[in-house]
Amino acid sequence: MTRLSNQTLPDLPAAIVKPGYDRAKVSIGIVHLGIGAFHRAHQAVFTDDVLARDPSWGICGVSLRSAETRDALTPQDGLYTLKVQDGEGETLRIIGSVLETLVAPEDPQAVLQRMADPATRIVSLTVTEKGYCHNPATGTLDENHPDIQHDLQHPEKPKSAIGFIVEALARRRAAGVEAFTLLSCDNLPSNGHVLKCVVRRFAELRDTELGAFVAGIASPSTMIDRIVPATTEADRAAIATALGVDDAWPVVTEPFRQWVVEDHFPLERPAWEEAGAIFIPEVSAFETMKLRLLNGSHSTLAYLGLLAGAETVAEAMALPGMEALIEGLMREEVSPTLPPLAGFDLAAYRGDLIQRFKNPALRHRTWQIAMDGSQKLPQRLLGTIRARRRAGTSCDRLVLGVAAWMYYARGVDEAGKAIDVRDPLAGRIRALSQGLDDPEEIVAAFLGLTEVFADDLGGDANFRVGLVDGLSRLLSTGAAAELARWQRPRG
Ligand code: CS2
């Protein structure tokens, strides 16, 4: 079948929404590190919405590892389909904001050149939590991280996002070009602040003057939200049928999208507010809310759902007791810990989240969300647990989520089958929990992971007892029976 491309674009069926601007006039103004499905369903769409107004903000997408996105997108001139769907229907739209895709390990110089180019005024990132090479409990650079060690020794051929950013800034500084604005779009608390902290430290380790230069750059924080499951073969086939041409790299998502950004862009920015982004001076309250309510619930339901045999989030939500557990977790345990957000309807937000999780059209795998728990739990569950413990209030559901993670991370499911655990700490976790089947011993071994729990939670006796209780029940009766305990009585 013919491929989606600039040439085949005009012949697509009329119902397919096409870029509303002349792509030939678009030039690159943004380099995005980590061009996965999330970026292409979120920031690239906000940008696509405003290119008609200012075509100088096209995107160069960079893959820091594999070549598959470049291999799929280049023959399509960077075009791809965005499929937005829920139980009520779907829309298909072609996104044209990605002009170029580079593969960092193949050609780091090409990436550095793009980042150092004066036309590049924003470098944005979706590199996931582990891409920050930081200590998740403290938010500071992990100076012993193998990629950081490598990049300090070979600054001109970096591997990590941090190494690329600092080398590009060093080249701009040497050429007298102003620094770009850094824009973290990952699910980290104060993501801009964390990013600035790690790049600054890395630059200082390279040389003090570079450290001082990096200390002056802008790195606004953002809260980003859109649920984007991995695209499946079935999605690809259905989209090809609708388009009449093949698209090797479409993205599938929900109607909801939200982007709250701190407005600090010394070299200007696209008018993303015209696409619905909200610009405010300080996003941390929004971020805390989203990380604790959405992502904290997501991780909890993913671990419990996965253990109970649910393949997708919608299936997990249909397990007896799950909706009541998640609803109670958000309303009773998380909401009282949140900073005030004037004029924001928290109850409506929670209700919308339940509906978004139940979206029957999205096949969002519990396994996908379960990944990288050691990097996610601190900001999703542990911060809330700390706040509850400080206030002397209960947090059984949150603690159960952490216990379910421990069960999952040991790598064996309820039927005794291996779980494909993806986590930077997977090897260590396997080693520390191997051969243990007593819940007390398992919990004690996990709590020794200081980069996850820090010393305070690691040494908190009540937290430990709660974890042992939860894990004991999961191990003895299973996740489905545990969930059923939370079911509200009917009527
Ligand atoms: C999810 C998030 O994969 C995960 O861990 O919790 O990617 C989630 O879908 C997004 O943050 C929604 O904005």
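This text goes with the structure placed above it.
Residues numbered from 1 in each chain as written. Predicted model: local features only at pLDDT ≥ 70, side-chain atom pairs only at ≥ 80, totals over all residues. Heavy atoms only, no water.

K.L.:
So what exactly am I meant to see when it comes to the overall build of the protein chain here?
P.N.:
Scanning the protein chain from terminus to terminus reveals 21 helices and 13 strands. Expected size for 491 residues packed as a compact globule is a radius of gyration near 23 Å; at 23 Å, the protein chain falls within 12% of this value. For the protein chain, the spread of C-alpha atoms along the principal axes amounts to about 60 × 55 × 45 Å. Looking at the 491 residues of the protein chain, the share that counts as buried comes to 58%. Across the protein chain, contacts joining residues at least 24 apart in sequence account for 77% of those joining residues at least 6 apart. Here the protein chain has roughly 19,400 Å² of accessible surface; of this, 50% comes from carbon and sulfur atoms. (Helix = DSSP H or I, 4+ residues; strand = E, 2+ residues; numbered from the N terminus. Rg over C-alpha atoms; globule rule 2.2 N^0.38 Å. Buried < 20%, exposed > 50% of the residue type's maximum accessible area, 1.4 Å probe, protein only. Contact = heavy atoms within 4.5 Å. Areas by Shrake-Rupley, 256 points an atom, 1.4 Å probe, with all protein chains shown as cover.)

K.L.:
Teacher, can you tell me more about the sheet that holds strand E13 (residues 278-280) here?
P.N.:
Adjacent strands of a sheet form backbone hydrogen bonds with each other and so pair up, either parallel or antiparallel. With mixed pairing, the three strands of this open sheet are ordered in space as E10-E12-E13. The open sheet has two edge strands, strand E10 (222-225) and E13, and neither has a second partner. Neighbour to neighbour, the strand axes of the sheet diverge by 15° on average, direction disregarded. Bridge count for E10 against strand E12 (residues 258-262) is four bridges, and the pairing is antiparallel. Paired with threonine 222 across the two strands is valine 261, which belongs to E12. Along the sheet, helix H10 (residues 284-307) contacts E10, E12 and E13; its crossing angle with E10, the most-contacted strand, is approximately 35°. (Pairing = 2+ DSSP bridges. Axes fitted to C-alpha atoms, helices over the stretch in contact; angles between N-to-C directions.)

K.L.:
Would you mind showing me how to read the side chain of threonine 312 here?
P.N.:
Assignment of secondary structure puts threonine 312 in the loop between H10 and helix H11 (313-317). Setting aside anything within four residues of it in sequence, one finds threonine 312 in contact with Arg363, His364, Arg365 and Thr366.

K.L.:
Where do I start with the sheet that holds strand E3 (residues 80-86) in this structure?
P.N.:
Read across the sheet, three strands follow the order E4-E3-E11 without closing on themselves; strand pairing throughout is mixed. If you trace the sheet from one side to the other, it starts and ends with strand E4 (89-95) and strand E11 (251-253), each paired once. Across the sheet, the mean angle separating the axes of adjacent strands is 20° when strand polarity is ignored. Bridge count between E3 and E11: three bridges; the pairing is parallel. Pairing of leucine 82 across the sheet is with valine 251, part of E11.

K.L.:
Whenever I open this one, helix H6 (residues 161-175) confuses me. Can you help?
P.N.:
Because an α-helix completes one turn every 3.6 residues, residues spaced three or four positions apart along the sequence face the same direction. Taking 1.5 Å of rise per residue, the 15 residues of H6 would be expected to cover 21 Å, and the 21 Å separating its terminal C-alpha atoms lies within 8% of that figure. In terms of burial, H6 is a largely internal element, 11 of the 15 residues being buried. Ala161, Ile162, Gly163, Phe164, Ile165, Val166, Glu167, Ala168, Leu169, Ala170 and Arg172 are the residues of H6 that are buried. Of the residues one or two after H6, glycine 176 is the one with positive phi, at around 70°. (Expected span 1.5 Å × (residues − 1).)

K.L.:
What is the right way to read the site of the ligand from this model?
P.N.:
With respect to spatial proximity, 13 residues lie near the ligand, and among them Asn187, Asp225, Lys290, His298 and Lys376 are the closest. Within the side chain of asparagine 187, one N or O atom sits 2.9 Å away from an oxygen atom of the ligand. Side-chain polar atom of asparagine 295 to an oxygen atom of the ligand: 3.0 Å apart, as the coordinates give it. For the ligand, the accessible surface in isolation is 340 Å², of which the surrounding protein chains cover 89%. (Near = heavy atom within 4 Å. Polar contact = N/O pair within 3.5 Å; in protein donor to acceptor, adjacent residues only side chain to side chain.)

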